[in-house]
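Residue-level listing of the chains:
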Amino acid sequence: MAAVVADAGEGQGESTKFVIGMQRPVHEVFWKILFLNRGISPISSEDPEVDLIIERCVNKKKTLTASFIYEALKLADVVVVDVSVITERITG
């Protein structure tokens, strides 16, 4: 979703939004920030356009970045929260 918003434009195709992806600085997922900031999708998608959009927005348009710094949230006009639910199978 962040990449789609960062890629959106008006008129001549100029982007109208700058998106900062925020990831808590947790060891298990910190690598996602590093990947995204290189223009590499940190997740797999069935849609082949996702990788292209992320690369374009990070490296060409400069409209998408990621951070672990909570202060980045102060720059936001809009905040979208995505909560991942991890479940464990408990066997008795």
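Attention in this report is confined to the structure presented alongside it.

### So, helix α3 (residues 49-61)
Then, number 1: Between its first and last C-alpha, α3 extends only 16 Å over 13 residues, short of the 18 Å set by a 1.5 Å rise per residue.
Then, number 2: Considering only its buried residues, α3 is in contact with α1 (2-7), α2 (31-36) and β4 (64-67).
Then, number 3: Looking one or two residues beyond α3, the residue adopting positive phi is Lys62, at roughly 60°.

### Considering the nonpolar core
Then, number 1: Judged by nonpolar contacts, Ala3, Ala6, Val19, Ile33, Leu36, Ile53, Ile54, Cys57, Val58, Leu64 and Ala66 together constitute the single largest core of eleven residues.
Then, number 2: Secondary structure elements with two or more residues in this core: α1, α2, α3 and β4.
Then, number 3: Ranked by residues supplied to this core, first place goes to α3 with four residues.

### With respect to the pattern of salt bridges
Then, number 1: Within the structure shown, the criterion is met by four salt bridges.
Then, number 2: Where Glu71 meets Lys74, a salt bridge forms, and the shortest distance between an N and an O atom there is 3.0 Å.
Then, number 3: By relative accessible area, which is 47% here, Glu71 ends up partly exposed.
Then, number 4: Shared partners join several salt bridges into a network, and the residues in it are Asp7, Arg56 and Lys61.

About the criteria used
- Residues numbered from 1 in each chain as written.
- Predicted model: local features only at pLDDT ≥ 70, side-chain atom pairs only at ≥ 80, totals over all residues.
- Heavy atoms only, no water.
- Helix = DSSP H or I, 4+ residues; strand = E, 2+ residues; numbered from the N terminus.
- Expected span 1.5 Å × (residues − 1).
- Contact = heavy atoms within 4.5 Å.
- Core = buried A, V, L, I, M, F, W, Y, C linked by side-chain atoms within 4.5 Å.
- Buried < 20%, exposed > 50% of the residue type's maximum accessible area, 1.4 Å probe, protein only.
- Salt bridge = Lys/Arg side-chain N within 4 Å of Asp/Glu carboxyl O.

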